[in-house]
2 protein chains.
Amino acid sequence: MSFFSKSCEYALRAVFYISRSTQEGKKVGVKEIAENIQSPEAFLGKILQRLSKEGIIQSAKGPNGGFFVTEENIKRPISDIVLSIDGKALLTGCGLGLKECSEDKPCPLHHYFKDIREQLKGMLDNITIDQFNNDLIKGKVMLRK
Amino acid sequence: MSFFSKSCEYALRAVFYISRSTQEGKKVGVKEIAENIQSPEAFLGKILQRLSKEGIIQSAKGPNGGFFVTEENIKRPISDIVLSIDGKALLTGCGLGLKECSEDKPCPLHHYFKDIREQLKGMLDNITIDQFNNDLIKGKVMLRK
DNA sequence: ACAATAAAAGATATCTTTGTCTTTTATTAT
DNA sequence: ATAATAAAAGACAAAGATATCTTTTATTGT
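Please read these numbers as outputs of a predicted model, since none were measured by experiment. (Residues numbered from 1 in each chain as written. Chains lettered and ligands numbered in written order. Predicted model: local features only at pLDDT ≥ 70, side-chain atom pairs only at ≥ 80, totals over all residues. Heavy atoms only, no water.)

Trainee: Kindly report on the protein's contact with DNA strand D, identifying the contributing residues and their values.
Mentor: Near DNA strand D you find 25 residues, and of these Gly29(A), Lys46(A), Ser59(A), Pro40(B) and Pro63(B) are the closest. Taking the atoms of DNA strand D that fall within 4 Å of the protein, sugar and phosphate contribute 60% of them. Lys6(B) has a polar backbone atom sitting 3.1 Å from a phosphate oxygen of DNA strand D. The side chain of Lys61(B) places a nitrogen or oxygen atom 3.2 Å from a sugar or linking oxygen of DNA strand D. Where the surface near DNA strand D is concerned, the elements lending two or more residues are helix 3 (41-53), strand 1 (58-60) and strand 2 (66-68) of chain A together with helix 1 (6-23) and helix 3 (41-53) of chain B. (Near = heavy atom within 4 Å. Polar contact = N/O pair within 3.5 Å; in protein donor to acceptor, adjacent residues only side chain to side chain. Helix = DSSP H or I, 4+ residues; strand = E, 2+ residues; numbered from the N terminus.)

Trainee: Would you mind going over the environment of Arg50(A) in detail, with residue names and values included?
Mentor: Residues and elements named next belong to chain A. With respect to the helices, strands and loops of the structure, Arg50 is situated in helix 3. A relative accessible area of 39% means that Arg50 is categorised as partly exposed. For Arg50 and Ser84, which are 34 residues apart along the polypeptide, the C-alpha to C-alpha distance reads 8.3 Å. Those residues in contact with Arg50 that sit more than four places away from it in its chain are Ser84 and Ile85. Reaching out from Arg50, the side chain makes a polar contact with the backbone oxygen of Ser84 at a distance of 2.7 Å. (Buried < 20%, exposed > 50% of the residue type's maximum accessible area, 1.4 Å probe, protein only. Contact = heavy atoms within 4.5 Å.)

Trainee: Hey, could you go over the side chain of Arg117(B) for me, with residue numbers and the actual values?
Mentor: Relative to the assigned elements, Arg117(B) resides in helix 6 (residues 110-126). The charged side chain of Arg117(B) is buried without a salt bridge, its nearest counter-charge being Glu9(A) at 7.6 Å. Once residues lying within four places of it in the same chain are set aside, the contact partners of Arg117(B) are Phe3(A), Leu90(B), Leu91(B), Thr92(B), Gly93(B), Cys94(B) and Gly95(B). (Lys, Arg positive; Asp, Glu negative; His and termini not counted. Salt bridge = Lys/Arg side-chain N within 4 Å of Asp/Glu carboxyl O.)

Trainee: Describe the interface of chain B and chain A, with residues and values.
Mentor: With 46 residues of chain B at the contact, the number on the chain A side is 46 residues. Summing both partners gives a buried area of about 4,300 Å² for chain B against chain A, and 72% of it is carried by carbon and sulfur. Linking chain B with chain A are 0 salt bridges. Joining chain B to chain A, the criterion identifies 4 residue pairs in polar contact (both at pLDDT 80 or more). Going through the elements one at a time, helix 1, helix 6 and helix 7 (129-140) of chain B are the ones with two or more residues in the side of chain B that touches chain A. Ranked by residues supplied to the side of chain B that touches chain A, first place goes to helix 6 of chain B with 8 residues. When the residues that make up the side of chain B that touches chain A are grouped by side-chain class, the tally is 27 nonpolar, 7 polar and 12 charged. (Buried area = accessible area lost by both parts, 1.4 Å probe. Nonpolar A, V, L, I, M, F, W, Y, C, P; charged D, E, K, R; others polar.)

Trainee: Lay out the relation of the copies chain B and chain A with the relevant residues and their values.
Mentor: At an RMSD of 0.0 Å, chain B and chain A line up after a rotation of 180° and a shift of 0.0 Å along the axis. What the superposition gives is, in effect, a two-fold axis relating one chain to the other. Here 100% of the interface residues in chain B have copies in chain A that are interface residues too; the copies meet face to matching face. (Least-squares fit on C-alpha atoms with pLDDT ≥ 70 in both.)

Trainee: Account for the protein's contact with DNA strand C, with residues named and values stated.
Mentor: Around DNA strand C, the surrounding shell holds 26 residues, and the nearest of these are Pro40(A), Pro63(A), Gly29(B), Lys46(B) and Ser59(B). The contact atoms of DNA strand C, taken as those within 4 Å of the protein, divide so that sugar and phosphate hold 62%. A distance of 2.7 Å is found between a base nitrogen of DNA strand C and a side-chain nitrogen or oxygen belonging to Lys46(B). Take Pro63(B): an N or O atom from its main chain is 3.5 Å from a base oxygen of DNA strand C. Secondary structure elements with two or more residues in the surface near DNA strand C: helix 1 (6-23) and helix 3 of chain A together with helix 3, strand 1 (58-60) and strand 2 (66-68) of chain B. Top contributing element to the surface near DNA strand C by residue count: helix 3 of chain B, with 4 residues. Its residues assigned to classes, the surface near DNA strand C shows 10 nonpolar, 10 polar and 6 charged.

Trainee: Pulling in residues and values, what's your account of the environment of Cys107(A)?
Mentor: The topology assignment puts Cys107(A) in the loop between helix 5 (79-86) and helix 6 (110-126). Between the C-alpha atoms of Cys107(A) and Gly95(A), which are 12 residues apart in sequence, the distance is 9.3 Å.

Trainee: Lay out the packing of aromatic side chains in plain terms, naming residues and giving numbers.
Mentor: Two aromatic rings, taken as a pair, are described by how far apart their centres are and by the angle between their planes. Under the defined criterion, the tally for this structure stands at 9 aromatic pairs over all chains. Where Phe3(A) meets Phe3(B), the ring centres are 6.1 Å apart and the plane angle is 80°; that geometry is what we call edge-to-face. Highlighted residues: Phe3(A) in the segment before helix 1 and Phe3(B) in the segment before helix 1, drawn from two different chains. The two residues Phe3(A) and Phe3(B) agree in class, both being buried. Ring geometry for Phe16(A) and Phe132(A): centres 3.8 Å apart, planes at 0°, overall stacked. (Phe/Tyr/Trp six-rings, centres within 6.5 Å; stacked < 30°, edge-to-face > 60°.)

Trainee: Give me the lowdown on the packing of helix 1 of chain B against helix 2 (residues 30-37) of chain B, citing residues and values where you can.
Mentor: Residue and element names in this part refer to chain B. One way to put it is that helix 1 packs onto helix 2 with a least axis distance of 10 Å and a crossing angle of 115°. In terms of axis orientation, helix 1 runs roughly perpendicular to helix 2. For the crossing formed where helix 1 meets helix 2, the hand is right-handed. For the pair formed by helix 1 and helix 2, the contact residues are Tyr10, Arg13, Ala14, Tyr17 and Ile18 on the first element and Glu32, Ile33, Asn36 and Ile37 on the second. In terms of residue class, the contact of helix 1 with helix 2 is built from 6 nonpolar, 1 polar and 2 charged. (Axes fitted to C-alpha atoms, helices over the stretch in contact; angles between N-to-C directions. Parallel < 35°, antiparallel > 145°, perpendicular 65-115°, else oblique. Left-handed = near helix turned anticlockwise from the far one by under 90°.)

Next up, the structure:
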């Protein structure tokens, strides 16, 4: 159990790669993305298809086609990506799966979980794709191996 | 994606139920536990088998047998249970699955994740089974529906 | 010793996630 | 128009998580 599913990790990394490519003025194909973020190509294709359908990224078919992002796209928080792929499960419900756990009748871990969730949510909601990407470009970290 | 796997949730709930039963002076069988924590009986059996093998709980075969906990068992933190079932994945590695993410070359979310992990870890390490269970008994929350 | 009980162990089934392969559709350049 | 390109779509495969069923082993009370 990690925070995000494999699909979601691929999605996040892919969107960052696409954003960077858009900034460099070019669209990128699944193959190039997959190679650079270390993900299975066809599987990533499905994920990008979905993100594209939901308007989180854009796509163009045919020669010189590929994936890219708009100005609007990169202003969105990264929670868009996480919600689109993993849904809201991580941010809701009792951490122990207790049915009767609620604000009124909280399980002993309820408030801890609440804090943690809020931190997570804060992080995902407040960091935009753009912001993340700029930090990446600043050379603080590499996307590929 | 939730924090814990289904197995782990069952494990946590089961251990709490067993602890309570031990406090009431009785051993409990898989069937009773499963009914009371809403989990599939045979599947839970496997999980308890594992927890028992790892010394997190105790078991006795035969008539009047069942699962129970020792004084030592309930002094252990609930992280024992989580680690035993889900492993340490939740508490390690880059949240985005980035290979080159580290303290030296952190990804933009690295420090956020670090904080969240530490909070999670703190919670799991510092709350004992006993403590959790007493809070449960105080009626703050119900284990079953 | 024997019957009853309950966990341990092993085999098997189902569902979800992850991953692959093939065909179709849209776009572009010639 | 045609060929080439690249995403979209659909069908299929493999692996892991979840769940069930049957047999074995250990223990207890009679």
